[in-house]
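As a plain string of letters, each chain reads:
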Amino acid sequence: MAAKEIGISGSLALLLSISASAQLIDHTRSPNAEGEGIRKSYAEQIGAGRGDWSTPDSSSFIIARDPFRAIRRGRQLFNRKFSKEQGHGPIVGDGQGDINTILAIGAGLSDSCAGCHGLPRGSAGFGGVVVTRPDSRNAPHLFGLGLREMLGDEMTAELRVQRAEAIRAACMTQSRVVRTLRAKGVEFGEITANPDGRVDVSNVKGVDPDLRVRPFFAHGGAYSIRDFIVGALQNEMGLQAVDSDLTQAAAGGRIVTPAGMVVDGYLDKLDSPPATDAQADPDEDGVANEAPQAAVDFLEFYLLNYLKPALGEQNEGTARGRDVFNQVGCASCHVSDLKIDHDRRVADVETVHDPVNGMFNSLFATATPLFETVEDSSGHPSVKQPAGKPFLVRDIFTDFKRHDLGPDFHERDYDGTMRNEFMTLPLWGVGSTPPYGHDGRSMTLNDVILRHGGEAQAARDAYAALSRLDRQDMLEFLRSLILFPPDDTASNLNPGSRSTEYFPQRGHGSIALTVLFNDPRDPE
């Protein structure tokens, strides 16, 4: 299918009356006159389990043949309010134990993923705070999470190829070989390969000695969306996931998830899921198979394809502010654009300031397909597979590298140690996410910039020396990097109509995936 804007046909227009609001309740358990809520029960969402491409109603089948339904189902699972009878709670150790070694004891207990990641309304956003460290951690937004996973994974591959080439050269020449490590233009120090195959990594900077770029968590602690999901279900919701993929990888195997992520346990160690099989009940709450593998599949596919942040109103002030941002040296770590070589998503959504077409919040989103249709003569709907083409990620503003930003950013841990290095925060969305810092201790953008030190001291001092006008312009630019509520943002999928009765509570438009389902009459 050609990469063109996704539109809606007239025959589907009536389906836009189906609500796309933040659906946290289960309509099958809590019916209401407004028709709000998740339209399928938890059992219906799990369907036929993992299955395969020939098993209707399985996660494999839906992801391959009805991918926009798969994304929507993942979104509904993300926003579902789980109940005690479905296995919700308790948290790890029920709040008791050695928090020096088991940080999850400090996590909160939420009944929904959106309990920590729910702002703006209905999004996979931010908003939660946990005490996994004495000074707390803010839950970050998850916009663009799939792009971050792909960039981190490709950077890892580049670094490891350079390591292998250095070892090969050292063996061939029988002499030490020093190589500077670079991935997507970002420098990570250097390695020294010896003729016997050993590698000196003492001069590697900003990444672990294994050269795995880990783009998730403030300190760069995880690299796989799937692993992130399974950990969050356990630590923040008390739901034990059953996942043969991660179980196999944790034992040293190599797997490819339904979202296309390669997880190789031989190269990268990770923890095994808490439940070994569908009969296990590790938290002994009387409920087994609390988060079946199909649920993990849908959540992973949803977050792989999740929306990028938006670009708010741009004017002369924001243009000057972007220039000032570069001039003072912020862009040396907050790199604006990074290119993905193989995009595993099925669509991209570009959201920008548009006061004419933007109904509720002056934003308008344009969805563009990134998939190819493959007929497999199976008698089932065609396969819609990612086109796998390059994609330039604009305005992400990160280098995925750890830096020491000085003592004002250092973090205490319960065991008495101090963490000094943190991954460069992607700045997209920063205009919507106060308070700032991994700990939420900086109330404004100005505060958090002036908090920088260490490796960022020169850029911080250059910012502090700016004229009042230049500083205002730079802050205006940063405030234009925003998040948005997908259910309240008009798009080419549902542009909305001001003539709708009870506008703008109805008819304000949304990013409505229902119109892209194989059967749009069957809502999620």
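A brief structural summary. Bear in mind that the values here come from a model prediction, so they are computed numbers and not experimental data.

**Considering the overall build of the chain**
Secondary structure assignment for the chain yields eleven helices and 22 strands. Taken over C-alpha atoms, the radius of gyration comes to 23 Å for the chain, in line with the 24 Å a tight globule of 524 residues would show. Viewed in the frame of its principal axes, the chain has a C-alpha envelope of about 70 × 60 × 50 Å. Classification of the 524 residues of the chain by burial places 54% in the buried group. The long-range share in the chain, meaning contacts at least 24 apart out of those at least 6 apart in sequence, stands at 66%. When the accessible surface of the chain is split by element, carbon and sulfur atoms take 52% of a total near 22200 Å². Taking the average location of the 53 positive side-chain charges in the chain and that of its 72 negative ones, the two points are 3 Å from each other.

**Here we look at the side chain of His403**
Along the chain, His403 turns up in strand 17 (residues 402-404). Classification of His403 as buried rests on a relative accessible area of 6%. A polar side-chain atom of His403 sits 3.4 Å from a polar atom in the side chain of Thr424.

**A closer look at the pattern of salt bridges**
Inspection of every chain in the model, using the stated rule, returns 47 salt bridges. Between Arg73 and Glu524 there is a salt bridge, and its shortest N-O distance comes to 2.9 Å. On the criterion of sequence distance, the pair formed by Arg73 in helix 3 (residues 67-79) and Glu524 in the segment after strand 22 (490-491) is long-range, its members being 451 residues apart. Accessibility classification places Arg73 together with Glu524 in one group, the buried group. Note that Arg345 is salt-bridged to Asp343, the shortest N-O span being 2.8 Å.

**A few points about the sheet that holds strand 6 (residues 186-193)**
Read from one edge to the other, the open sheet built from three strands follows the order 5-6-7, with strand pairing classed as antiparallel. For this open sheet the edge positions go to strand 5 (177-183) and strand 7 (199-200), each flanked by a neighbour on one side alone. In terms of strand pairing, strand 5 meets strand 6 through six bridges, oriented antiparallel. Among the inter-strand pairings, Ala183 is bridged to a residue of strand 6, identified as Val186. Lying over the sheet, helix 4 (residues 145-173) contacts strand 5, strand 6 and strand 7, oriented at roughly 165° with respect to strand 5.

**Quick notes on the nonpolar core**
With 92 residues, the main nonpolar core has Phe68, Phe78 and Leu303 as its most contacted residues. If you look at the next biggest cluster of nonpolar residues, it comprises 21 residues, including Phe325, Val448, Ala456 and Leu466.

**Quick notes on the packing of aromatic side chains**
We describe a pair of aromatic rings using the distance from one ring centre to the other and the angle between the two ring planes. In this structure the tally under the stated criterion is eleven aromatic pairs. Their ring planes at 50° and their centres at 6.1 Å tell us that Phe216 and Phe228 sit as a pair that is tilted. Within this pair, whereas Phe216 is found in the loop between strand 7 and helix 5 (225-237), its partner Phe228 is found in helix 5, the two being separated by twelve residues in sequence. Residue Phe216 is classed as buried on the basis of its relative accessible area, which comes to 2%. Owing to a relative accessible area of 13%, Phe228 belongs among the buried residues under this scheme. Ring centres 5.8 Å apart and planes at 65° place the aromatic pair Phe325 and Phe477 in the edge-to-face group. On the criterion of sequence distance, the pair formed by Phe325 in helix 8 (residues 316-327) and Phe477 in helix 11 (residues 468-479) is long-range, its members being 152 residues apart. For the pair Phe325 and Phe477, a shared accessibility class is recorded, and that class is buried. Here the aromatic residues Phe78, Phe143, Tyr302, Tyr306 and Phe484 are joined through ring pairs into a cluster of three or more. Of note, Arg212 hangs over the ring of Tyr223, and the distance from its end group to the ring centre comes to 4.0 Å. The ring of Phe409 is capped by Arg451, whose NZ or CZ atom sits 4.3 Å from the centre of that ring.

**Let's talk about helix 5**
Along its 13 residues, helix 5 runs 17 Å from first to last C-alpha, staying within 8% of the 18 Å computed at 1.5 Å per residue. Those residues of helix 5 not exposed but buried are Ile225, Arg226, Phe228, Ile229, Val230, Leu233, Gln234, Glu236 and Met237. Packed against the buried residues of helix 5 are strand 1 (117-119), strand 3 (129-130), helix 4, helix 6 (244-250) and helix 7 (293-304). Of the residues flanking the start of helix 5, the one acting as N-cap is Ser224, its side-chain oxygen 3.2 Å from the backbone nitrogen of Arg226. Just downstream of helix 5 lies Gly238, where phi reads positive at about 70°.

**Describing the environment of Ser491**
Relative to the helices and strands, Ser491 resides in strand 22. Residue classification places Ser491 among the buried positions, given a relative accessible area of 1%. Excluding residues that lie within four positions of it along the chain, Ser491 makes contacts with Phe364, Ala365, Ser510, Ile511 and Ala512. Here the side chain of Ser491 touches Ser510 through a polar contact of 2.7 Å, landing on its backbone oxygen.

**Notes on unusual backbone geometry**
Across the junction of Leu119 and Pro120, the peptide omega takes the value -5°, indicating a cis bond. Tracing the backbone through its elements, the reader meets Pro120 in the loop between strand 1 and strand 2 (126-127). In the segment running from Pro434 into Pro435, the intervening peptide bond is cis, with an omega of -5°. Considering the arrangement of structural elements, one finds Pro435 in the loop between strand 20 (421-423) and helix 9 (445-450). Phi at Gln174 is positive, roughly 55°, even though this residue is not glycine. Positionally, Gln174 belongs in the loop between helix 4 and strand 5. You will see that Lys184, though not glycine, has its phi angle at about 50°, which is positive. Along the chain, the position of Lys184 falls in the loop between strand 5 and strand 6. Given a relative accessible area of 19%, Lys184 falls into the buried group.

Conventions adopted
- Residues numbered from 1 in each chain as written.
- Predicted model: local features only at pLDDT ≥ 70, side-chain atom pairs only at ≥ 80, totals over all residues.
- Heavy atoms only, no water.
- Helix = DSSP H or I, 4+ residues; strand = E, 2+ residues; numbered from the N terminus.
- Rg over C-alpha atoms; globule rule 2.2 N^0.38 Å.
- Buried < 20%, exposed > 50% of the residue type's maximum accessible area, 1.4 Å probe, protein only.
- Contact = heavy atoms within 4.5 Å.
- Areas by Shrake-Rupley, 256 points an atom, 1.4 Å probe, with all protein chains shown as cover.
- Lys, Arg positive; Asp, Glu negative; His and termini not counted.
- Charge placed at Lys NZ, Arg CZ, Asp CG, Glu CD.
- Polar contact = N/O pair within 3.5 Å; in protein donor to acceptor, adjacent residues only side chain to side chain.
- Salt bridge = Lys/Arg side-chain N within 4 Å of Asp/Glu carboxyl O.
- Pairing = 2+ DSSP bridges.
- Axes fitted to C-alpha atoms, helices over the stretch in contact; angles between N-to-C directions.
- Core = buried A, V, L, I, M, F, W, Y, C linked by side-chain atoms within 4.5 Å.
- Phe/Tyr/Trp six-rings, centres within 6.5 Å; stacked < 30°, edge-to-face > 60°.
- Lys NZ or Arg CZ within 6 Å of the ring centre and 35° of its normal.
- Expected span 1.5 Å × (residues − 1).

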